[in-house]
Amino acid sequence: MAFQTKLNEAIQQKAKCELGEDEDRREQVIQIIRQWLIQQPHLYQIRLDDYSIVCFARGCKYSLEKIKNKIDLMFTLRTALPEFFSGWDPMKPEIQAALACGSFLPLPDYDQHGRKVIVMRPGCYDPYRFKPEDIEKASFMISEIMVLDDEQMFVTGMVIIYDCQGYTLNHLTQRPLSLTKKHMYYLQSAPLSPKTINFIRTNSVFQTAYNVMSTMVNEKMKQRLRVHGSNLESLYQEVDQKVLPKDFGGEGISLEKLTDYWKQKVEEKREFLIESENNWRVDESRRPGKAKTTQDIFGIEGSFRKLNVD
């Protein structure tokens with residue numbers, strides 16, 4: 001059965017105009033990538049359905065080589081980053097606690113440009129009680145579930161809001177620099193890059209963290225960074241105020257209710273998340289040519305490579 005899009009007519013037209021997408025091209029790419037996957041011995045465990053292939057295709061603007069490279073890179077990274085992508089059982093006590101913090105909260109409504117809006121809250125947890133790896137796992141699990149139900153964002157894009165309220169020097173010092181580097185590397189390798197990254201409710205510690213993070217992203221990503229500070233009116237110029245949570249002066253549901261919503265969504269998908277550990281792993285022993293080690297990917301500590309952002 002051919003892939004059936006759930007996009008409305010306006011978004012389908014946007015995909016056609018901006019990505020050159022139509023039903024025939026979608027089906028052609030699905031078949032080509034399926035055949036290519038069969039021919040990659042190190043990717044034999046990867047179980048991509050038609051929807052996932054279409055998401056990659058849209059994120060890569062239907063460039064076959066980019067699609068192949070992104071699929072290989074993404075799952076190579078997921079295999080090389082157990083601190084983010086292993087132990088995905090949302091019922092583990094430490095993951096339950098991390099989910100209850102609300103560090104990664106996709107909003108239910110799209111902004112004025114039809115883009116997905118995601119709120120990230122690096123200061124929402126006690127840095128002495130929580131391991132940053134558990135916070136990251138909870139965030140990536142929510143992201144995984146979000147993608148399952150959000151076809152539109154791969155056409156219209158997404159924006160990120162970093163809410164820095166509560167962020168302290170302890171958050172900065174208790175988080176290993178290597179973890180931040182790996183997170184930024186993965187963010188820039190994903191099939192969909194944020195259109196803008198907006199920092200709000202910042203404080204004196206923020207500038208230090210911002211300076212560190214800026215060294216880990218390429219120039220194209222740097223151009224997408226926006227620092228609004230306490231000026232929410234400035235944020236409203238970037239993201240429609242009415243879709244934002246009440247906590248940011250918007251009309252949307254509160255951060256507290258969003259946290260409860262996504263915690264429940266992740267719990268409902270427990271079986272899927274646990275199975276993903278086996279279904280989305282690269283077998284480096286079967287990779288044609290030289291297997292990729294963690295050092296090959298990330299380099300020596302302090303000298304991580306920078307990725308190009310499409």
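This text goes with the structure placed above it.
So, here's what we can say about the structure. Note that the structure is predicted; figures quoted are calculated from it, not measured.

1. Some remarks on the environment of Gln-165
Turning to its location among the elements, Gln-165 is positioned in the loop between strand S3 (158-163) and helix H9 (169-173). On the basis of relative accessible area, Gln-165 is assigned to the partly exposed category, the value being 47%. Along the backbone, Gln-165 and Phe-206 are 41 residues apart, and their C-alpha atoms lie at a distance of 9.8 Å. Setting aside anything within four residues of it in sequence, one finds Gln-165 in contact with Gly-123 and Arg-201.

2. Re the sheet that holds S3
In a beta sheet, neighbouring strands pair by backbone hydrogen bonds and run either parallel or antiparallel. Read from one edge of the open sheet, 5 strands run S1-S2-S3-S4-S5, paired in mixed fashion. Among the strands making up the open sheet, the edge pair consists of strand S1 (104-106) and strand S5 (225-229). For this sheet the average axis-to-axis angle between neighbouring strands, irrespective of direction, equals 20 degrees. Across 4 bridges, the pairing between strand S4 (residues 196-200) and S5 is parallel. Paired with Ile-200 across the two strands is Gly-229, which belongs to S5. This element, helix H7 (residues 132-149), spans S1 and strand S2 (116-120) of the sheet and lies at about 15 degrees to S1. Contacts from helix H11 (residues 204-214) reach S4 and S5 within the one sheet, and its direction differs from that of S5 by about 180 degrees.

3. With respect to unusual backbone geometry
Trans is the prevailing form of peptide bonds, just as negative phi is the prevailing case for residues other than glycine. Despite not being glycine, Lys-61 shows a phi value in the positive range, around 55 degrees. Looking at the secondary structure, you find Lys-61 in the loop between helix H3 (50-59) and helix H4 (64-80).

4. Details of the side chain of His-183
Note on placement: His-183 falls in helix H10 (residues 177-189). For His-183, a relative accessible area of 12% puts it in the buried group. Contact partners of His-183, with chain neighbours within four places excluded, come to Phe-84, Met-120, Glu-136, Phe-140 and Arg-175.

5. Observations regarding the layout of surface pockets
Any space left empty among the atoms is revealed by the rolling of a water-sized probe across them. In this structure, the largest pocket encloses a volume near 650 Å³. What lines the largest pocket is a set of 34 residues, and nearest its centre among them are Met-74, Ser-143, Glu-144, Val-147 and Tyr-186. Looking at the lining of the largest pocket, the elements with two or more residues in it are H3, H4, S2, H7, helix H8 (153-156), S3 and H10. By residue number, the principal contributor to the lining of the largest pocket is H7, which donates 7 residues. As for the second largest pocket, its lining consists of 26 residues, of which Pro-122, Tyr-162, Tyr-167, Arg-175 and Thr-180 are closest to the centre. Breaking the lining of the second largest pocket down by element, the ones donating at least two residues are H7, H9, H10 and H11. By residue number, the principal contributor to the lining of the second largest pocket is H11, which donates 5 residues. For the lining of the second largest pocket, a count of residues per class yields 18 nonpolar, 5 polar and 3 charged.

Definitions and limits used
Residues numbered from 1 in each chain as written. Predicted model: local features only at pLDDT ≥ 70, side-chain atom pairs only at ≥ 80, totals over all residues. Heavy atoms only, no water. Helix = DSSP H or I, 4+ residues; strand = E, 2+ residues; numbered from the N terminus. Buried < 20%, exposed > 50% of the residue type's maximum accessible area, 1.4 Å probe, protein only. Contact = heavy atoms within 4.5 Å. Pairing = 2+ DSSP bridges. Axes fitted to C-alpha atoms, helices over the stretch in contact; angles between N-to-C directions. 1 Å grid on protein atoms, 1.4 Å probe; cavity = no way out; pocket = protein on both sides within 12 Å on 5 of 7 lines; lining within 4 Å. Points joined across faces, edges and corners; volume = space filled by probe spheres on them. Nonpolar A, V, L, I, M, F, W, Y, C, P; charged D, E, K, R; others polar.

The values are spatial; any link to function lies outside them.
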